[in-house]
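# Coordinate inspection notes
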There are 2 protein chains.
Amino acid sequence: MGLAIVTATDDEASAWYVRSITKAAAAVGIAGRVEELGVTATESDIRSMLVKLGDDPGVHGIILQTPLPDGVRSERVSVAIAPEKDVDGANPESFGRLATGLRAFAPATAQAVVELLDHHGIDLHGKHAVVVGRSTVVGKPLAHLLLDRHSTVTIAHSRTHGLAEVTSRGDVVVAAVGRARLITADHVGPVAVVVDVGTNPTPGGGLVGDVDPGVTGKAAALSPVPGGVGPVTTALLLRHTVDVAERAGAAVGS
Amino acid sequence: MGLAIVTATDDEASAWYVRSITKAAAAVGIAGRVEELGVTATESDIRSMLVKLGDDPGVHGIILQTPLPDGVRSERVSVAIAPEKDVDGANPESFGRLATGLRAFAPATAQAVVELLDHHGIDLHGKHAVVVGRSTVVGKPLAHLLLDRHSTVTIAHSRTHGLAEVTSRGDVVVAAVGRARLITADHVGPVAVVVDVGTNPTPGGGLVGDVDPGVTGKAAALSPVPGGVGPVTTALLLRHTVDVAERAGAAVGS
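Residues numbered from 1 in each chain as written. Chains lettered and ligands numbered in written order. Predicted model: local features only at pLDDT ≥ 70, side-chain atom pairs only at ≥ 80, totals over all residues. Heavy atoms only, no water.

Naming follows an unreviewed UniProt entry, where chain A appears as Bifunctional protein FolD of Actinoalloteichus caeruleus DSM 43889. UniProt's Pathway (unreviewed entry) comment on chain A is quoted here verbatim: "One-carbon metabolism; tetrahydrofolate interconversion." As its UniProt record puts it under Subunit (unreviewed entry), chain A is described as follows: "Homodimer." (UniProt positions renumbered as here; feature names shortened; annotations may be inferred.)

## Side note on the pattern of salt bridges
Under the counting rule described, the total for this entry stands at 16 salt bridges over all chains. The salt bridge partner of Arg73 of chain A is Glu75 of chain A, with a shortest N-O separation of 3.5 Å. For Arg73 of chain A, a relative accessible area of 31% translates into the label partly exposed. A salt bridge links Arg239 of chain B to Glu115 of chain B, with the nearest nitrogen and oxygen atoms 3.3 Å apart. Here the residue Arg239 of chain B occupies a position in helix H8 (residues 229-247), and Glu115 of chain B occupies one in helix H5 (residues 108-119), the gap between them amounting to 124 residues. Residue classification places Arg239 of chain B among the partly exposed positions, given a relative accessible area of 41%. The class of Glu115 of chain B is partly exposed, set by a relative accessible area of 25%. (Salt bridge = Lys/Arg side-chain N within 4 Å of Asp/Glu carboxyl O. Buried < 20%, exposed > 50% of the residue type's maximum accessible area, 1.4 Å probe, protein only. Helix = DSSP H or I, 4+ residues; strand = E, 2+ residues; numbered from the N terminus.)

## Concerning the relation of the copies chain B and chain A
Relative to chain A, chain B is turned by 180° and slid 0.0 Å along the rotation axis, the superposed coordinates differing by an RMSD of 0.0 Å. Expressed as an axis order, the relation between the two copies is that of a two-fold axis. Of the interface residues in chain B, 100% have counterparts in chain A that sit at the interface too, so the contact is made through matching surfaces. (Least-squares fit on C-alpha atoms with pLDDT ≥ 70 in both. Contact = heavy atoms within 4.5 Å.)

## A few points about the pairing of strand E1 (residues 2-7) of chain A
Residues and elements named next belong to chain A. Here E1 lies mainly inside the structure; six of its six residues are buried. Along E1, one buried face is formed by Gly2, Ala4 and Val6 and the opposite face, lined by Leu3, Ile5 and Thr7, is buried too. Note: E1 against strand E2 (residues 31-36), six bridges, orientation parallel. Bridge pairing links Ala4 to Arg33 in E2. As a crossover connection, the stretch from E1 through helix H1 (residues 12-27) into E2 is right-handed. By the bridge criterion, four bridges tie E1 to strand E3 (residues 61-64) in an arrangement that is parallel. Within E3, the residue paired with Ala4 across the bridge is Ile62. (Pairing = 2+ DSSP bridges. Right-handed = clockwise from strand over helix to strand, strands pointing away.)

## Observations concerning the sheet that holds E3 of chain A
Residue and element names in this part refer to chain A. The three strands are arranged E2-E1-E3 in an open sheet whose pairing can be described as parallel. On the outer flanks of this sheet lie E2 and E3, each paired with one strand and no other. Strand-to-strand twist across the sheet, computed as the mean angle between neighbouring axes with direction ignored, equals 20°. On the sheet, helix H2 (residues 43-55) packs against E1, E2 and E3 and is oriented at approximately 165° with respect to E3. (Axes fitted to C-alpha atoms, helices over the stretch in contact; angles between N-to-C directions.)

## Comments concerning the environment of Val195 of chain A
Residues and elements named next belong to chain A. Summarising the element assignment, Val195 is placed in strand E7 (residues 193-196). A residue is classified by how much of its surface remains accessible, and Val195, at 2% relative accessible area, is buried. The residues contacting Val195, other than those within four sequence positions of it, are Val113, Leu116, Leu117, Val173, Val174, Ala175, Ser223 and Val229.

## Some remarks on the packing of aromatic side chains
Under the definition given, this model contains one aromatic pair over all chains. A ring pair is formed by Phe95 of chain A and Phe95 of chain B, whose centres lie 6.5 Å apart and whose planes are at 20°; its orientation type is stacked. On the criterion of chain membership, the pair formed by Phe95 of chain A in helix H4 (residues 92-99) and Phe95 of chain B in helix H4 (residues 92-99) is interchain, its members lying in two chains. You'll find Phe95 of chain A and Phe95 of chain B in the same group, each marked buried. (Phe/Tyr/Trp six-rings, centres within 6.5 Å; stacked < 30°, edge-to-face > 60°.)

## Regarding the interface of chain B and chain A
On the side of chain A, 36 residues touch chain B, which itself brings 36 residues to the contact. Summed over both partners, the interface of chain B with chain A comes to about 3,000 Å²; 59% of that surface belongs to carbon and sulfur atoms. A per-residue breakdown of the area chain B buries against chain A is headed by Thr100, Leu147 and Arg159 of chain B, which together make up 17% of the total. Linking chain B with chain A are zero salt bridges. At the level of secondary structure, the elements contributing two or more residues to the side of chain B that touches chain A comprise helix H3 (74-78), H4, helix H6 (139-148) and strand E5 (152-156) of chain B. The greatest single-element share of the side of chain B that touches chain A, amounting to six residues, is contributed by H4 of chain B. Residues of the side of chain B that touches chain A, tallied by class, amount to 10 nonpolar, 15 polar and 11 charged. By the bridge criterion, three bridges tie strand E5 (residues 152-156) of chain A to E5 of chain B in an arrangement that is antiparallel. Residue pairing in the sheet places Thr154 of chain A in a bridge with Thr154 of chain B of E5 of chain B. (Buried area = accessible area lost by both parts, 1.4 Å probe. Nonpolar A, V, L, I, M, F, W, Y, C, P; charged D, E, K, R; others polar.)

Shown next as structure tokens:
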């Protein structure tokens, strides 16, 4: 059973993340394969590699790692990921299928948010969920997953007027905008369950989320960064890969 | 230049709508072609017809009319609409491309709402738009179009708790849930611009929207049903068809 990760970057955080996925994969019997195309890779190079992996029966899951080289648009290359192996829901076709209720893998980070809320018994039905961030990898697909759970969903972003007022109304607040400590205690109400999805590097080589730690003193609960959705995301990528292999009839562990 | 409409219903309102589109098409030199498959059509029948029309160089636009026969799911047959001829944005692939910023036709009704607001000079940037309804033909794609315009977007629906409170916060409120006169004066604030997209048949053979006429006395503006987005939707379907024909190099009017 194989999981292929395509990279086209020399970003250190990305390299760390790729190692952590391949290590986790190995622990459950999935062979991780990293295709490093380098920072000079073109859209054509990346698409060719994705098509090749789609045709390879030994590859059950395909992940296109970001960041991509300058000028390469993620959506334009992700269309080359075979939809049935698109374990991180990156192909726009997967997005459309997900949003319209057909079978598809959701982007793992977006799904991780919902799985985390489920695990902690957070009721979403009829509740107001506020998602801060409108990326195609987290904010937008997460809105659809929350709608499927019958939440009322608000999508806020960098252009939102009166952000603190908007987020304060959320029973659930998910921060996925990529701005360090944007969401403070002033942004959340006392019943809010807050999930941090942001990952912002600090000058000292550390990592902080989009949510200020001061939120813990006010909100009902906080899933922090580091921790929280990160490990769940990795687990979902592996679960999706196993799903593909099982559909393909491959023996687990082979 | 040709526009094909596939039907599988004996619904009177649908037949009226199909006639109105073919008539409008004829007026601008587009040959309307209606393929009536009847209420006994299966998913396979409908998909076969859609594929056939996709292969037909004389057909530039394909519309799959609803309602569909019992047991036929729109999303499962719409995948057979050739994406490049999908002038009503019904194929899930078109949805995914739209949501991720790639070129695709939006569902015409959703796009009509934004065009109507644009025509009247309604500023959407940073404003709070509340969409009531989460259908794949209107509510969900409209949310993406409004996000593209930098609105903060809330999607409410039948399971939303405290609907009047949620909608009252909207600078723009769009009703697309299919419940006659659900949105009353109590649901909207004094600055709200309200767009009615609902079409609900009355026992007397008439048509009412999702918005109660009493809203006119409170909101800043109302686009009513009948009228409003309906004619704009038809115009967009024709514009999309012309776009396809021009891309294909067909002479307009031929």
